[in-house]
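# A structural walkthrough
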Amino acid sequence: MSIRRIAMAGSAGFLALALAACGGGTGDNGDDTNGAEDTNGAEDTAGGEEGGEDLGTITLGYIPSWTDGLSTAYLLDNLLTDIGYTVEHQTVEDAAILYAGLANGDIDMYASAWSERTHRQYMDEYEDQLEDLGYYYEGAVLNLSVPEYTDIDSIDELVGKGDEFGGEIVGIEPGAGLTDATENDVMPGYGLDDEYRLVTSSTSTMLTELQNAVDAEEDIVVTLWSPFWANAEFPVKALEDPEGYFGEPENLHWLARDGFSEDFPEATELVGKIKLDDDEYGSLEDTVVNQFDDGEEPEAIEAWLEENQDLMDSMLG
């Protein structure tokens, strides 16, 4: 099983000080650059080389361990470069910093925003400083998951079984919308507060804990979401949410800083045409995450585009 992304969550560092100061050095994905700007691929994608016209520079921001944003960022890198833009990458480790970076203009676009529900707290704070450019995926969901061999199928079945799971639900980053929903809606809603505590750290740590438990055939509860490559790579099942505390499915959006569509009309038009169903998105993320090594994201996108040329032609003309 390929789990190379597990090591990525701690690799890029926080941008809190960097964004506040509008400064920082440069480095590619995986360097410990204290939240510095990631220009991985920028040298090879200087806008206008093929199209002739230089349409400007767009900075794409994302959390690298959240591989929906990683995969779509590199897809947009390829497509935007092809029509004449220069694309730069800015990696962060916290959703709050990502949305603040969008709002203050340090980041131009977030390529996979869970803005309808999961990241609602950040939309409530910054919505007037952002532009919604539409969505590319329908039906994203949050969940609690357990290994397939664990003998429960619903969140309410966790009640009374805290000792079997060490009294812990293993979560991801403290600032994630999934963390907020689990801690403030799901756990109190199902009465899990007295038996379990939510352990937060990072996506990479959660996946490591999940791998260790699966290897030892031990029970574990983790916070997961879909679409996410780990659902197919690990033998896990999402627990039913009979009371609906995680909320309805939502769409994944292209989110930009205020003024983006005026500054980059060609980019706005392009992203508005992109729609991926579950199979199409799944193949994109699998190609980027599992079929190529870390640092080979541009090559992964080229391979995916070659396999999906008819799809892209039908969307983009």
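Residues numbered from 1 in each chain as written. Predicted model: local features only at pLDDT ≥ 70, side-chain atom pairs only at ≥ 80, totals over all residues. Heavy atoms only, no water.

Attention now moves to the environment of Leu76. Relative to the elements of secondary structure, Leu76 occurs in helix H2 (residues 67–83). By relative accessible area, which is 0% here, Leu76 ends up buried. In sequence terms Leu76 and Ile274 are 198 residues apart; their C-alpha atoms lie 9.8 Å from each other. Not counting chain neighbours up to four residues away, the residues in contact with Leu76 comprise Leu60, Thr81, Met109, Ala111, Trp254, Leu270, Val271 and Ile274. (Helix = DSSP H or I, 4+ residues; strand = E, 2+ residues; numbered from the N terminus. Buried < 20%, exposed > 50% of the residue type's maximum accessible area, 1.4 Å probe, protein only. Contact = heavy atoms within 4.5 Å.)

This part takes up a negative patch on the surface. Among the surface-exposed residues, Asp151, Asp156, Glu157, Asp163, Glu164, Glu218, Asp219, Glu240 and Glu243 lie close enough to one another that they form a single negatively charged patch. Judged by relative accessible area, Glu164 falls into the partly exposed class, the value being 48%. (Patch = residues over 30% accessible without salt bridge, like charges linked within 9 Å, V, L, I, M, F, W, Y side chains within 5 Å. Areas by Shrake-Rupley, 256 points an atom, 1.4 Å probe, with all protein chains shown as cover. Salt bridge = Lys/Arg side-chain N within 4 Å of Asp/Glu carboxyl O. Lys, Arg positive; Asp, Glu negative; His and termini not counted. Charge placed at Lys NZ, Arg CZ, Asp CG, Glu CD.)

The next point concerns unusual backbone geometry. Put simply, Ser226 and Pro227 share a cis peptide bond, and its omega is 10°. Along the chain, Pro227 turns up in the loop between strand E9 (222–226) and helix H7 (230–233). Phi angles above zero are rare outside glycine, and Glu217 is one such case at about 55°. Considering the arrangement of structural elements, one finds Glu217 in the loop between helix H6 (203–215) and E9.

This brings us to the packing of helix H10 (residues 278–290) against helix H11 (residues 297–307). The contact between H10 and H11 brings their axes to 8 Å, and the two run at 145°. Crossing hand, H10 versus H11: right-handed. Only Glu297, Ala300, Ile301 and Trp304 of H11 make contact with H10, whose side of the interface consists of Glu280, Ser283, Leu284, Thr287 and Val288. In terms of residue class, the contact of H10 with H11 is built from five nonpolar, two polar and two charged. (Axes fitted to C-alpha atoms, helices over the stretch in contact; angles between N-to-C directions. Left-handed = near helix turned anticlockwise from the far one by under 90°. Nonpolar A, V, L, I, M, F, W, Y, C, P; charged D, E, K, R; others polar.)

Here we take up the nonpolar core. Ranked by size, the top nonpolar core spans 94 residues in total, and within it Leu76 and Leu158 carry the most contacts. At eight residues, strand E6 (residues 130–147) tops the list of elements feeding residues into this core. (Core = buried A, V, L, I, M, F, W, Y, C linked by side-chain atoms within 4.5 Å.)

Locating Lys273 in the fold gives a position in the loop between helix H9 (265–271) and H10. As a C-alpha pair, Lys273 and Gly317 span 44 residues in sequence and 9.5 Å in three-dimensional space. With near-sequence residues (within four places) excluded, Lys273 lies in contact with Met315 and Leu316.

Turning to H11, its buried residues number three or more, namely Glu297, Ala300, Ile301, Trp304 and Leu305. Projected down its long axis, H11 shows its buried positions confined to an angular sector of 135°, all on one face. Check the buried side of H11 and you find it contacts H2, H10 and helix H12 (309–316). (Arc of directions from axis to C-beta.)

Let us now look at the packing of H2 against H11. At a closest axis distance of 9 Å, the pairing of H2 and H11 adopts a crossing angle of 75°. It follows from the interaxial angle that H2 and H11 lie roughly perpendicular. Between H2, through Ser71, Tyr74, Leu75, Asn78 and Leu79, and H11, the contact on the second element is made entirely by Glu297, Pro298, Ile301, Glu302, Trp304 and Leu305. Partitioned by chemical class, the residues of the contact of H2 with H11 number seven nonpolar, two polar and two charged. (Parallel < 35°, antiparallel > 145°, perpendicular 65-115°, else oblique.)

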